[in-house]
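Each chain is listed here by its residues.
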Amino acid sequence: MFLNLEFQDKIKIIDTHCHLDNESFFDDLNELLIHSFKNGIAKIIIPGANMKDLPRARELSQRYEQIFFAVGVHPYELESFDEELFREFVQDEKCVAIGECGLDYFRLEGTQSKKELQVKKQKTCFIRQLELAREFQKPVIIHSREANADTFELLNFSKDLQGGVLHCFNASKHLLELAEKGFYFGIGGVLTFKNARNLVEILPQIPREKLLLETDAPYLTPEPFRGKRNEPLLTHYVARKMSEVLQIPHNELLELCFENSNNLFFKRN
């Protein structure tokens, strides 16, 4: 069951990255969402990962006015990429972005030549999704793990993108330069972890107008709930840690992230 948490502060929050189409939400999703919406969650974006999950993401966006989705293929799910299906879903009125797409070198396996082939396949799919983002004039949700240099290069030299978000920002100073190209930085539960020293250090260097809140639910649950399923309401705990690190009032931080999220994903809708 969901965490039955109540918050006095009802300032609106947009969870910019939440896998509500994940099977871990099947049993109690309606109750969880009703409780979330009563406690300040104004909008939720379901990122695309595997294209077989797109019908459920779209169905949820049709059922709840506060839910939106993105169309994309995670670098671990390249085999699911289907451009015809991609084009169908991206034109839906509730689709607000392309992604999550990007590069992930954490699980490269085999000989050096096999690893190079895997990297090539990831880059090819990533570049195609960037091209589609440009064609449909939508922002991109970027996944980057142990691939910062290549991610930066591909984004830095991609022209006419509508900006996007570096999901689960991994505290790379190099990637901060992308703020000038319209990119935002998604901050989630990792910020609350004891080993998040690098992220805590670099957080004040991120332009405040480029900060977003996210959960990546059901994954990366913040303290003090690690080990439990993550969910949209736990953005409150991420926000509290952000306001502590940045030394700005909690409500001010929530207002800032809400405005930033609207600027990136909803100003065109």
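The structure contained in this document is the topic of the report that follows.

What counts and what doesn't
- All residue numbers refer to position in the chain's written sequence, counted from 1.
- For this predicted model, a pLDDT threshold of at least 70 governs which residues receive local features, and a threshold of 80 or more governs which side-chain atom pairs are given and counted, while totals over whole chains, interfaces and linings are taken from all residues.
- Side-chain measures were taken over the full set of non-hydrogen atoms in the model, leaving aside hydrogen atoms and water.
- Any two strands between which DSSP finds at least two bridges are classified as paired.
- The secondary structure listing takes helices from DSSP runs of H or I that are at least 4 residues long and strands from runs of E that are at least 2 residues long, numbered from the N terminus.
- Simply put, an axis is a line fit to the C-alpha atoms, just over the touching stretch for a helix, and the angle between two N-to-C directions goes from 0 to 180 degrees.
- Contact between two residues is taken to exist if any of their heavy atoms lie within 4.5 Å; hydrogens are not considered.
- Nonpolar core, defined: a set of buried Ala, Val, Leu, Ile, Met, Phe, Trp, Tyr and Cys residues in which side-chain atoms within 4.5 Å join the residues together.
- Remark: exposure states derive from per-residue accessible area (1.4 Å probe, protein chains only) relative to the maximum for the residue type, with buried under 20%, exposed over 50%, and partly exposed in between.
- Definition of a polar contact: a pair of N or O atoms within 3.5 Å, with one able to donate and the other able to accept a hydrogen when the atoms are protein atoms, and with sequence-neighbouring residues admitted only if both atoms are side-chain atoms.
- For the purposes of this analysis, a disulfide is any pair of cysteine sulfur atoms at a distance within 2.5 Å.

1. Side note on the sheet that holds strand β3 (residues 67-71)
In step 1: An order of β1-β2-β3-β4-β5-β6-β7-β8 is seen for the eight strands of this open sheet, with the pairing classed as parallel. Taken across any chain shown, the strands that pair with only one partner, and hence form the sheet edges, are β1 (13-15) and β8 (211-213). Averaged over all neighbouring strand pairs, the angle between strand axes comes to 30 degrees, with direction disregarded.
In step 2: Examined bridge by bridge, strand β6 (residues 164-166) and strand β7 (residues 183-187) share three bridges and lie parallel to one another. Residue pairing for β7: V165 is matched across the bridge by Y184.
In step 3: Across the sheet, helix α1 (residues 29-38) touches β2 (41-46) and β3, and the angle it forms with β2 is around 135 degrees.

2. Examining the nonpolar core
In step 1: Membership of the largest hydrophobic core comes to 68 residues, with the highest contact counts inside it found for L20, F169, I187 and M242.
In step 2: Leaving out residues up to four positions away in the same chain, F169 has contacts with L175, L176, F185, G186, I187, L199, I202 and I206.
In step 3: Of all hydrophobic cores here, the second largest spans 13 residues; its members include I14, V165, Y184 and F265.

3. Things to note about the side chain of N22
In step 1: Examined against the element boundaries, N22 turns out to sit in the loop between β1 and α1.
In step 2: A polar contact of 3.0 Å, which involves the side chain of N22, links it to the side chain of Y219.

4. Some details on unusual backbone geometry
In step 1: Cis geometry marks the peptide bond from G99 to E100; its omega dihedral reads 15 degrees.
In step 2: Secondary-structure assignment places E100 in strand β4 (residues 95-104).
In step 3: Residue A217 is joined to P218 through a cis peptide bond whose omega torsion reads 10 degrees.
In step 4: Its identity is not glycine, yet Q137 carries a phi of approximately 55 degrees, on the positive side.
In step 5: Within the secondary structure layout, Q137 lies in the loop between α4 (112-136) and β5 (140-145).
In step 6: Positive phi values are uncommon outside glycine, yet A171 reaches one of about 70 degrees.
In step 7: By the element assignment, A171 lies in the loop between β6 and β7.
In step 8: Under the relative-accessibility criterion, A171 is labelled buried at 17%.

5. Looking at the state of the cysteines
In step 1: Scanning all chains against the criterion turns up zero disulfides.
In step 2: The thiol of C18 is unpaired, and the distance to the nearest cysteine sulfur, on C168, comes to 14 Å.
In step 3: Its relative accessible area of 0% is what places C18 among the buried residues.
In step 4: Left without a disulfide partner, C257 is nearest to the cysteine sulfur of C168, which lies 15 Å away.

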